Amino acid sequence: MGEESGTASASASADFHLLHKIAKILNDTRTSYATHNRKLKELASLRSKLSPSGSDDESPPLRRFSSVFFKTLTPLFAAAQRRTAAAERIVRFVAEFACLGTNSDGGDSDCDEFLDEFLRFLIPGSVAANRNARFRACQIISEIILRLPDDVEVGDELWDDVIDCMMVRVRDKVPVIRTFAVRSLSRFVNDPDNTDILDLLLEVLPLEQNPEVRKTIVLSLPPSNATTQAIIDCTLDVNESVRKAAYSVLANKVPLQSLSIKLRTTILERGLADRAVNVSKECLKLMKDQWLSNSCQGDPIEFLKYLDVETYESVAESALEVLLSEGLIMPSDDKSIQQYISSADGEARDESTCSTPSIQLMEPEIALYWRVICRNLHKSAQAKGSDAATAMGAEAAVYAAEASDANDLLERILPASVSDYVVLVKAHIEAGPNHHFASRQLLLLGTMLDFSDAMLHKTASSFVQELLHRPFEQELDEDGNSIVIGDGINLGGDKDWADAVSKLAKKVHSAPGEYEQLMLVVVEELARPCRERTADFLQWMHMLSLTSLLLENGESLHSLREKAIEPEEILHALLLPGAKHTHLDVQRIAIKCLGLFGLLEKKPSEELVRQLRVAFCRSPPPISIMASKALVDLGMWHSPAEVDKAMGQDILSQFEDENIDFVPVDLSNAEEDLNFKMLDLLYAGLESEDWRAYTESTENESVKATVGEGFAKLLLLGEKFPNLPASLYPFVLVKLISLYFSEESKEQLRFKQCLSVFFEHYASLSEKHKGYVSKAFVPLIRSMWPGIDNGNSKNSSYVVSNQRKRAVQASRFIVQMMQTPLYKSPDSLEESIQPPLDRTEEGLAIRIVIEMVSFKAKKTAAEKAYVLALCKTLVLLNLKSSEQNVIRLIKIFLSRVADSAYSEKDLLKEVKLVLEHLKSLDDNPSEELSQDEAKSIFESLGVNYDMDITAPVTVPQTPAPCSTRPAPSRRRVRRIEESSDEEDEEETSPPPSAPNTLMTRSHRASKTAALAKIMASKVKKRDTDEVIEEEEGSSDVTAEDSDESDE
């Protein structure tokens, strides 16, 4: 026994000295990273110097060292300390020591064994209940894993245990622990045997709330088809560092060739337009270093071929602009557009060459490249010339020299003459649809040429007239019918092509009135067969497309007078007959021209407005959509009142009276009288549920979406139309918000985005807008809540639940709009005047409590849920203590709500919370609100409500007082089936309630009485008088509760 105790004492003493040495080494590593190499050698020497003779002990030397080492580290795990620099140095040192022997070429069995022991020590810590222990264990494990070489010898079972623990920690509630767990798993994410790791990371990435964890996950994802889309989705992350990390991963891990064209353009479009400078720089680095330099060898033309410039022209153009601004690409002297124009003998042409040139067709990428280069040089020359004109001395000379250099380079690039330019463009146009994109790019180059010379002007003018006379391209279907290629509205079937032709025509005919004269001459020539009724629908469409182009670029009808054809003749001889044409495509483009014509008129004409109204109400969807756009534009430009005056008679409107029950116009009825104002007709389109079937694809457009966008503009600019009734704004606002939260808006993405932007700014622009939002609250929630305004809802419980959820979302959305601060103008005072009550949250609170108190004690299940939702919305409002009268009025209303709903526990609970909050805001609870003060509040809100302030008010008490009902009544209720009819009436009559208590019966007595009344109601006569029904109100409430529980 003595020898054993002596050995144990010596072992304990040795362990104590070893622990002291290890602790001293760890203490020394806290000061600086510079000491780590030296301390690693000391600790490794200490481990190796343990005498092999120690094998006589119960534990081997290495296990003894490990035990002491782990005991020394225990305070690092146990203490709830912050992430100090000293602790981080210790963690790094410990991880380096664990990997010390494994990083050598030969390896060390003792080191591998120590690593195994250390990992087994850390695994229980990673699942500990203590937060700091889990954090330190995961941190050290991640540091070790990231430092280990690939050929380290660690048991598979141990690695499996480590991986399983880290996969569990990925869902830890502490963000920093999740971060280190993801770092640990990043080493194994490429392992084909551990595909579940990648699946886990992809699963938690969109659900992760912490930006640092999301960034770590993005940096850990390997390049693959499964991860590429997830990485690109992170370029839209709300956090700047996550977006930057996504672009870094795309640059370092994802090759350009592995991405589809859509993904490439998406990356550039988001990155170059990012508002964060660091993110846009990272995207530029990706485009410059990886895509342009490595994948395309610095060739911008090759780079553009990866972007499909014909489909994603704007993205390719933006990329070239950025590269030019950074000075990364610049045309060399031996390359220009002139090399695509050569003489018949193959030599380059110059201005003195008279032979017919030979044209080499350009690829789309080359045409776009030269167009952007020339535009950049043209802008630079103009900017430098302007700077030279405003500067003086040497500075002006420098600017002038720079402008001259830019002009010289531009002249070397552009065709040598206008005739060569015309031949070049014609060759591409005649080459067919495959060169349509290059032809349009070359047309835009013409805006940089000089046409001041008479001969050059004549050549260019002749070419422009040829372009204007080119008809729509067409093809034949299986039945031999002609089908227009393109959109069927713009010249050439393409909006961009029409704009390019118009810009070139304006450049060539730049004198005042010359452009209009040219267009009207061509229109008059094309209109002759239309007037003679010998033109087919293609000729009509061609003529109307030119008319549309003229009206879009015209400033007024005065500039079109005394030309080849007068404006009145255009309206009556071309546009109105075109709107009545039998072909739908002709009608659509004619309606567009009518809308443009009305914008140029000083006052809209009666024939024009009438035709637009008829087209809106009686035409198929594509034409009705165009008519709705035209009516909205006319209303915004001339005002709705002016558009209505054009009809020349008294027109009805249902928006004039604020209390009217609006009945929309039935547009599905062809016999419907259209004698309504414009806003009433448009609202009918907003209200109708697809009154006509769609005959063709409308590119995600609909009448409802078009009219909704128009009303959103009207609400924003309502101050410019003082003649509009005030009742219009909240009425339309209710409809827009309900559409925003409806199921059908999910498919109308553009419409929903428009409304999202509208709501974001509407309430912040004006206090008056907040007043309209407040007025819209109650009608909106009533209309959205099932079973309130639309009677008993017969939908399933699932549908009703979803409808209630949308209504609750809408209520919170309105509260958020009311709480949004107003935009401050630069000249506004810091302390603004107190806004009127109807434009504040206090006014909204009064509207809500008035709506709540309108429901009496007898409520249906839908009404109970509705009132409860209103009460929960009331809690979200920030009421000001300065409005003492408002607070007292709300308290009176809520007390009456509590008095009429004494059996609704959930409602009473919410009411009590609000009353307690109001009590804390009331500075003088003993002071009562007068009848005149309440009337003044109602008048300021514009609410007609007759309220008797002197009526007794009950205040909810918790817990409920004991029952005041006599005890024998319970036994009498049990014998109700044996009693006579007179006894039934006596037994089922409700007991009188005390005026100062919320509940006058105990819970059990109330339940028993309710059951008795239900049984008695089965034998009652159906013709019971209404007065008796009111007296039995408590029984009805209990019955409603029973019905609700059955649902």
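Residues numbered from 1 in each chain as written. Predicted model: local features only at pLDDT ≥ 70, side-chain atom pairs only at ≥ 80, totals over all residues. Heavy atoms only, no water.

Help me out: how do you make sense of the overall build of the protein in this one?
Counting secondary structure elements, the protein contains 45 helices and 4 strands. Taken over 1047 residues, the protein has a buried fraction of 48%. In the protein, once contacts between residues fewer than 6 apart in sequence are set aside, the share between residues at least 24 apart is 71%. In the form shown here, the protein has an accessible surface area of approximately 53,100 Å², with 49% of it arising from carbon and sulfur atoms. (Helix = DSSP H or I, 4+ residues; strand = E, 2+ residues; numbered from the N terminus. Buried < 20%, exposed > 50% of the residue type's maximum accessible area, 1.4 Å probe, protein only. Contact = heavy atoms within 4.5 Å. Areas by Shrake-Rupley, 256 points an atom, 1.4 Å probe, with all protein chains shown as cover.)

Please clarify how empty space enclosed by the protein should be interpreted in this entry.
To find leftover empty space, a probe the size of one water molecule is rolled over the atoms. Counted under the stated rule, the structure contains 4 cavities of 30 Å³ or more. Space inside the largest cavity adds up to approximately 70 Å³. Forming the boundary of the largest cavity are V632, G635, M636, P640, M678, L679, L682, V707, G710, F711 and L714. Those elements giving two or more residues to the lining of the largest cavity turn out to be α28 (621–638), α30 (678–687) and α31 (703–716). (1 Å grid on protein atoms, 1.4 Å probe; cavity = no way out; pocket = protein on both sides within 12 Å on 5 of 7 lines; lining within 4 Å. Points joined across faces, edges and corners; volume = space filled by probe spheres on them.)

What should I look at first to understand the packing of helix α34 (residues 767–784) against helix α36 (residues 841–853) in this one?
Helix packing geometry: the angle between the two helix axes and the distance between the axes. Where α34 contacts α36, the axes come no closer than 8 Å and their chain directions differ by 30°. As the angle between them shows, α34 and α36 are arranged roughly parallel. Regarding α34 and α36, the two cross each other, and that crossing is right-handed. Only G843, L844, R847, I848 and E851 of α36 make contact with α34, whose side of the interface consists of S774, K775, F777, V778 and R782. (Axes fitted to C-alpha atoms, helices over the stretch in contact; angles between N-to-C directions. Parallel < 35°, antiparallel > 145°, perpendicular 65-115°, else oblique. Left-handed = near helix turned anticlockwise from the far one by under 90°.)

Is there a simple way to think about the packing of aromatic side chains in this case?
Each aromatic ring pair is characterised by the separation of its centres together with the angle its planes make. Per the stated rule, a full pass over the model turns up 30 aromatic pairs. On the basis of an interplanar angle of 80° and a centroid distance of 5.4 Å, the ring pair of F759 and F813 is categorised as edge-to-face. Taken together, the positions of F759 in helix α33 (residues 749–765) and F813 in helix α35 (residues 797–819) put the pair 54 residues apart, joining distant regions of the chain. Note on F813: relative accessible area 17%, which makes it buried. These aromatic residues form a ring-pair network of at least three members: F65, F69, F70, F77, F97, F114, F118 and F121. Across the ring face of Y33, the terminal group of R89 is positioned such that the distance to the ring centre comes to 5.6 Å. Directly above the ring of Y515 sits K506, whose terminal nitrogen or CZ lies 5.6 Å from the centroid. (Phe/Tyr/Trp six-rings, centres within 6.5 Å; stacked < 30°, edge-to-face > 60°. Lys NZ or Arg CZ within 6 Å of the ring centre and 35° of its normal.)

In this structure, what is going on with the side chain of E516? I would like to understand it.
Within the fold, E516 resides in helix α23 (residues 514–531). Of the side chains bearing the opposite charge, K563 lies closest to the buried E516, which forms no salt bridge; the N-O distance is 6.1 Å. Residues in contact with E516, not counting those within four places in the same chain, are L550, S559 and L560. (Lys, Arg positive; Asp, Glu negative; His and termini not counted. Salt bridge = Lys/Arg side-chain N within 4 Å of Asp/Glu carboxyl O.)

Before we go on, may I ask you to explain unusual backbone geometry in this structure?
Trans is the common state for peptide bonds, and a negative phi is the common state for residues other than glycine. Unusually for a residue other than glycine, Q297 sits at a positive phi of about 55°. Backbone geometry at E562 places phi at a positive 60°, although glycine is not the residue there. Along the chain, E562 turns up in the loop between α24 (537–553) and α25 (567–579). Accessibility expressed as a relative area gives 74% for E562, which makes it exposed.

Help me understand a nonpolar patch on the surface in this model?
The grouping of L716, L717, L765 and Y823 at the surface amounts to a nonpolar patch, some 340 Å² of accessible area in total. Residue Y823 is classed as partly exposed on the basis of its relative accessible area of 44%. (Patch = residues over 30% accessible without salt bridge, like charges linked within 9 Å, V, L, I, M, F, W, Y side chains within 5 Å.)

Help me understand the packing of helix α27 (residues 606–618) against α30 in this model?
Between α27 and α30, whose axes approach to 11 Å, the crossing angle comes to 20°. The orientation of α27 with respect to α30, classified from their angle, is roughly parallel. Where α27 crosses over α30, the two elements pack in a sense that is left-handed. In this structure, α27 contributes R613, F616 and C617 to the contact, and α30 contributes M678, L681, L682 and G685. Of the residues that constitute the contact of α27 with α30, the class distribution is 5 nonpolar, 1 polar and 1 charged. (Nonpolar A, V, L, I, M, F, W, Y, C, P; charged D, E, K, R; others polar.)

So what exactly am I meant to see when it comes to the nonpolar core here?
Soluble, globular proteins show a tendency: their nonpolar side chains are buried together. Counting residues in hydrophobic clusters, the biggest one holds 299 residues, and the most contacted among them are F69, I144 and F303. With near-sequence residues (within four places) excluded, F303 lies in contact with L268, M287, W291, L292, C296, A319 and L323. (Core = buried A, V, L, I, M, F, W, Y, C linked by side-chain atoms within 4.5 Å.)

What exactly am I supposed to notice about the pattern of salt bridges here?
A side chain with one charge can pair with a side chain of the opposite charge if their charged atoms come near. According to the stated counting rule, one finds 37 salt bridges in the structure shown. Across the pair E203 and R171 runs a salt bridge, and its minimum N-O distance is 3.2 Å. Separated by 32 residues along the polypeptide, E203 in helix α9 (residues 195–204) and R171 in the loop between α7 (156–169) and α8 (175–185) bring together distant segments of the chain. Between R375 and E321 there is a salt bridge; the shortest N-O distance is 2.4 Å. In this pair, R375 sits in helix α17 (residues 364–390) while E321 sits in helix α16 (residues 313–325), placing the two residues 54 residues apart along the sequence. Using a relative accessible area of 24% as the deciding quantity, one classes E321 as partly exposed.

Sorry if this is basic, but what is going on with the environment of N553 here?
Among the secondary structure elements, N553 is positioned in helix α24. For the pair formed by N553 and K503, sequence separation is 50 residues and the distance between their alpha carbons is 9.9 Å. When near neighbours in sequence (up to four residues on either side) are disregarded, N553 contacts S502, K506 and Y515. A distance of 3.3 Å separates the side chain of N553 from the side chain of S502, its partner in a polar contact. (Polar contact = N/O pair within 3.5 Å; in protein donor to acceptor, adjacent residues only side chain to side chain.)

I would appreciate a short explanation of α34 in the present structure.
Since the α-helix packs 3.6 residues into each turn, any two residues three or four apart lie on the same face. Along its 18 residues, α34 runs 26 Å from first to last C-alpha, staying within 8% of the 26 Å computed at 1.5 Å per residue. The largest bend in α34 comes to about 35°, at F777, with the proline P779 one to four residues further on. Of the residues making up α34, those classed as buried are H769, K770, G771, Y772, V773, S774, A776, F777, V778, L780, I781 and M784. Turning to α34, the residues buried within the fold contact α31, α32 (728–740), α33, α35, α36 and α37 (861–875). Where α34 begins, the side chain of S766 points an oxygen toward the backbone nitrogen of K768, at a separation of 3.1 Å. (Expected span 1.5 Å × (residues − 1). Bend = angle between axes of the 7 residues up to and from the residue.)

Help me understand a negative patch on the surface in this model?
On the surface, D156, E157, D160, D161, D164, D196 and D199 cluster together into a patch of negative charge. With 5 residues, the single largest contributor to the negative patch is α7. Counting through the fold element by element, D164 comes out in helix α7. Note on D164: relative accessible area 44%, which makes it partly exposed. (Charge placed at Lys NZ, Arg CZ, Asp CG, Glu CD.)

Honestly, the environment of R89 in this entry has me stumped. Any pointers?
The topology assignment puts R89 in helix α4 (residues 85–98). Taking the C-alpha atoms as reference points, R89 and T31, separated by 58 residues in sequence, lie 7.9 Å from one another. Those residues within four positions of R89 in sequence are excluded, and the remaining contacts are T29, R30, T31, S32, Y33 and H36. Here R30 takes part through its backbone oxygen, which lies 2.8 Å from a polar atom of the side chain of R89.

Would you mind going over the environment of L409 with me for this structure?
Within the secondary structure, L409 sits in helix α18 (residues 393–413). Expressed as a C-alpha distance, the spacing of L409 and P331, which sit 78 residues apart in the sequence, is 8.9 Å.

Can you walk me through α35 in this structure?
Given a rise of 1.5 Å per residue, 23 residues ought to cover 33 Å, and the 33 Å separating the end C-alpha atoms of α35 matches this to within 8%. Inspection of α35 places V800, Q803, R806, A807, A810, S811, F813, I814, V815, M817 and M818 among the buried residues, and these make up the whole buried set. Where α35 is buried, its residues touch α32, α33, α34, α36 and α37.

Help me understand the confidence of the model for the protein, please; the structure alone is not making it clear to me.
Detailed reading of the predicted coordinates is not advisable wherever pLDDT falls low. In the predicted model, the protein carries a mean pLDDT of 81, and 80% of its residues have values of at least 70. Here residues 691–698 scores under 50 on pLDDT; set against residues more than four positions off or in separate chains, the count is 23 contacts. When the criterion is pLDDT under 50, residues 954–1004 qualifies, and its contacts beyond four places in sequence or with other chains add up to 58 contacts. (pLDDT = per-residue confidence, 0-100.)

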